[in-house]
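# Observations on chain architecture
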Amino acid sequence: MVVQEGKALILVREEKLAEEIVQTTVTGGGKLVRLTPHKQSLEDYFIEEVGKAPGAKSPSPSPDADPAPGAAVSAGGDRE
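Small disclaimer: the values here were computed from a predicted structure and weren't measured.

This next bit is on the pairing of strand β2 (residues 7-12). Only one face of β2 is covered, namely the one carrying Ala8, Ile10 and Val12; the face carrying Lys7, Leu9 and Leu11 has none of its residues buried. The antiparallel pairing of strand β1 (residues 2-4) with β2 creates a hairpin that spans 2 residues between the two strands, and glutamate 5 there sits at a positive phi of about 50°.

Below, the structure written as structure tokens:
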């Protein structure tokens, strides 16, 4: 979690946890600015699976690849 100027950026891997964070934010009077689901691309899945093959080298991730599937929740600290 990153907190800056009354705003928080929270990255989670589990959709259920993201839903709980959204619910807690809204019921606590917070403002949800953005919820962005991230899904693993077919290409990333393929590279991951190929990397699991016996004797395979670990591939280097591309610089623009998402670190992991999950969801990013961005909540503003201002209350309306």
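A full pass over the atoms with the stated rule returns 3 salt bridges. For the salt bridge of lysine 16 with glutamate 20, the shortest nitrogen-to-oxygen distance reads 3.8 Å. With lysine 16 and glutamate 20 both in helix α1 (residues 15-27) and 4 residues apart, the pair spans about one turn of that helix. The closest approach of N and O atoms between lysine 52 and glutamate 49, which form a salt bridge, is 3.1 Å.

Residues Ala8, Ile10, Val12, Ala18 and Ile21 constitute the largest nonpolar core, which totals 5 residues. Residue assignment for this core shows that the elements contributing at least two residues are β2 and α1. For this core, the element with the highest residue contribution is β2, accounting for 3 residues.

Let us look at unusual backbone geometry. Leaving glycine out, the prevailing phi sign among residues is negative, and the prevailing peptide bond configuration is trans. The backbone phi angle of glutamate 5 is positive, close to 50°, even though this residue is not glycine. By the element assignment, glutamate 5 lies in the loop between β1 and β2. According to the relative accessible area criterion, glutamate 5 is exposed, its value standing at 75%.

Thresholds, definitions, all that
- Residues numbered from 1 in each chain as written.
- Predicted model: local features only at pLDDT ≥ 70, side-chain atom pairs only at ≥ 80, totals over all residues.
- Heavy atoms only, no water.
- Buried < 20%, exposed > 50% of the residue type's maximum accessible area, 1.4 Å probe, protein only.
- Helix = DSSP H or I, 4+ residues; strand = E, 2+ residues; numbered from the N terminus.
- Pairing = 2+ DSSP bridges.
- Salt bridge = Lys/Arg side-chain N within 4 Å of Asp/Glu carboxyl O.
- Core = buried A, V, L, I, M, F, W, Y, C linked by side-chain atoms within 4.5 Å.

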